Amino acid sequence: MGRKIKGIFYIAAILLATGCGKEEETENVFSDGILIEVEAPQTNGWNTEEITGTRSGRTKAIEVKGKDGLDMEISTLHDNGAAETAEGEATTRWANMDDNIVFRVVAYKSATAAGISTSNYAGYGDYKLSGSTVQTVKSLVVPAGTYTFIFYSYGNSNAIAAFTNGSASVPATNGQNFMTYVKSGVVINNIGSRYTLSGIVFKHHCARYRVQAIAQAGRMGTVTACAGTVTLPKHNATYTFTNGTFTTQATTGSINLTWDNPNAMSVYSGYIYLLPQTSANATIILNLTIGGIAFTNKSVTLSGLTLTANNTYYTNVSFTTTEGYIIGGALWANGNLVYESGQYTNYSNTMYCSKAANAPDYFTYNNPISNNVELVTTWSDSRDPCRKVAPANTWRTPTVADITNLISTGAELKTDCTIFGEVLKLPLTSFMRFTKKHPHESQYDYIGYYLTTTYPTCLQNGGIGMYNTDVILAFPVRCVRIL
């Protein structure tokens with residue numbers, strides 16, 4: 001009896017000495033089972049056709065009038081390619097998965113998915129795609145038997161939360177490119193070997209979506225910054241292994257939209273992934289910079305939006321204005337300021353300038369009445385003629401900083417105007433010299449002058465720069481919007 005106890009003690013000591021209590025190594029972890037490896041998977045691809053014309057998939061355009069002078073027109077487009085047969089879809093649209101994607105394999109000792117249960121749970125492994133190969137992040141070793149393997153991924157490189165036999169379902173949310181694949185009836189019987197699961201084609205359970213921000217040609221500069229959110233009434237979902245159902249819940253949530261260094265008249269956000277939902281009310285909020293102006297909380301609600309799994313959707317947000325030109329960090333009025341019949345208005349034609357004696361569109365510095373020869377050298381907003389355009393305090397006279405920013409966009413001198421930033425045209429206007437009783441100096445019609453809020457500095461757009469005067473001259477004013 002003593003010998004037997006001594007022998008058992010000796011064996012235990014050997015096991016401890018060889019590190020039996022340590023985490024199992026890849027090389028010997030499957031000595032009594034089969035190590036599961038995975039061939040590089042694919043996906044069933046996306047419906048990627050970008051619809052630019054009018055099709056049945058286009059939602060009714062929504063128009064939103066902005067209080068800041070920037071209006072929006074919004075429409076959502078989607079590809080109807082999902083109407084193709086599933087067979088054609090499966091054989092012609094397979095695509096490689098993006099690199100560094102992490103995915104999980106859960107093993108159940110069952111010939112079919114219907115037999116999945118917590119009692120049949122056999123373990124899970126995690127894998128990461130690296131080029132055309134698959135790296136093992138967490139090994140999966142199973143005993144001999146017939147198995148159903150559930151594959152799932154959130155479409156990113158993040159580690160997936162641990163899994164136990166306490167559940168046969170997993171959660172998903174907006175923002176995750178949730179994908180699954182089921183491989184049933186896999187017979188494994190070669191103990192101590194490796195078994196490679198092949199022919200894996202992940203199915204997309206979410207829709208792919210992005211937003212296009214479009215600046216109005218001829219009236220705006222480029223979009224140089226953009227960010228936003230999309231809020232949907234369904235934000236969470238559950239995928240159930242036993243029947244392969246993907247169920248979305250009515251929990252409101254938001255997902256961020258981002259643009260990668262935009263600098264164009266039309267820019268697309270990166271793709272985000274949204275849960276399927278029908279007749280949803282989605283709210284889009286954008287913060288963006290157009291023509292150097294930062295616009296915040298540009299919001300619109302899309303009614304009746306339907307998002308179907310494996311489809312690609314686009315919301316086009318076209319920014320427009322009827323009030324002027326957005327360039328150099330300011331919204332410049334359509335035309336020069338005019339005072340007639342006691343009313344202040346911004347003329348509708350950007351090229352209009354009267355160039356006439358006692359003209360109603362020439363003002364002296366900080367003087368609310370055109371043709372008034374009173375010389376005022378200290379600026380007061382209460383005397384700003386631009387602020388008197390209805391509705392009051394919507395417009396103001398440009399500052400020297402406004403003019404400097406405008407010039408920085410680039411200027412092209414023409415015979416009758418200067419074009420700034422390829423957007424804003426300021427006609428060459430000359431001036432009125434009241435002190436010499438010459439109402440209009442026609443010999444200077446090839447040079448343009450515009451008032452600023454700093455005496456005696458004005459814009460000389462014929463010479464493209466700043467001009468200072470110490471006499472009473474009257475110049476046109478091109479107002480900028482108060483934002």
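Reference entry: report on the structure contained in this document. Residue numbering note: each chain is counted from 1, following its sequence as written. Whole-chain, interface and lining totals are the exception, using all residues; otherwise, since this is a predicted model, local features are given only for residues with pLDDT of at least 70 and side-chain atom pairs are given and counted only at 80 or more. Only heavy atoms go into the side-chain values, all of them from the structure, while hydrogens and water stay out.

1. Description of the overall build of the protein chain
A run of H or I in DSSP counts as a helix once it spans at least four residues, and a run of E counts as a strand once it spans at least two, with each numbered from the N terminus. When its secondary structure is counted, the protein chain shows three helices and 38 strands. Partly exposed describes any residue whose relative accessible area lies between the buried limit of under 20% and the exposed limit of over 50%, with all areas from a 1.4 Å probe on protein chains only and scaled to the type maximum. In the protein chain, which comprises 483 residues, the share counted as buried stands at 46%. Whether two residues are in contact is decided by their heavy atoms: any pair within 4.5 Å suffices. Pairs at least 24 apart in sequence give 68% of the contacts found in the protein chain among residues at least 6 apart. When the accessible area of the protein chain is evaluated, it comes to approximately 22,400 Å², of which 50% is carbon and sulfur surface. To be clear on the numbers: accessible area is Shrake-Rupley with a 1.4 Å probe, and residue cover counts the displayed protein chains and nothing else.

2. With respect to the environment of N263
The topology assignment puts N263 in the loop between β19 (253-258) and β20 (266-268). Taking relative accessible area as the criterion, N263 reaches 58% and is therefore assigned exposed. When the C-alpha positions of N263 and T289 are compared, they lie 9.9 Å apart, and in sequence the two are 26 residues distant. For N263, the contacting residues outside a window of four places in its chain are T222, V223 and T224. Under this definition, polar contacts are N or O atom pairs within 3.5 Å; protein pairs additionally need one hydrogen-donor-capable and one acceptor-capable atom, and for neighbouring residues in sequence, both atoms have to be side-chain atoms. Within the local environment of N263, its side chain forms a polar contact with the side chain of T222, the two groups lying 3.2 Å apart.

3. Describing the sheet that holds strand β2 (residues 42-43)
Between any two strands, at least two bridges found by DSSP are needed for them to pair. The eight strands lie next to each other as β5-β2-β14-β12-β10-β6-β7-β8, forming an open sheet whose pairing is mixed. Of all strands in the sheet, those bounded by a partner on one side alone are β5 (95-96) and β8 (133-138). One ladder, built from five bridges, connects strand β7 (residues 121-130) with β8; its direction is antiparallel. Its bridge partner being in β8, D126 is matched across the sheet by K138.

4. So, the state of the cysteines
Note on disulfides: each one is a pair of cysteine sulfur atoms within 2.5 Å. Tallied over the entire structure, the rule returns one disulfide. Sulfur-sulfur distance for the disulfide between C386 and C479 comes to 2.0 Å. Across the S-S bond of C386 and C479 the torsion is about -85°, and the bridge reads as left-handed. Residue C386 is found in the loop between β28 (343-346) and β29 (395-396), and its partner C479 is found in the loop between β37 (473-474) and β38 (480-481); the two are separated by 93 residues along the sequence. C386 gets classed as buried once you look at its relative accessible area, which sits at 0%.

5. Looking at the nonpolar core
Where a protein is soluble and globular, its nonpolar side chains tend to be buried together. Residues belong to one nonpolar core when they are buried, are Ala, Val, Leu, Ile, Met, Phe, Trp, Tyr or Cys, and are joined through side-chain atoms within 4.5 Å. By size, the foremost hydrophobic cluster in this structure holds 51 residues, and its most contacted members are L286, I290 and F319. For this core, the element with the highest residue contribution is strand β23 (residues 293-307), accounting for six residues. In this structure, Y124, V170, F241 and L275 belong to the second largest nonpolar core, which totals 23 residues.

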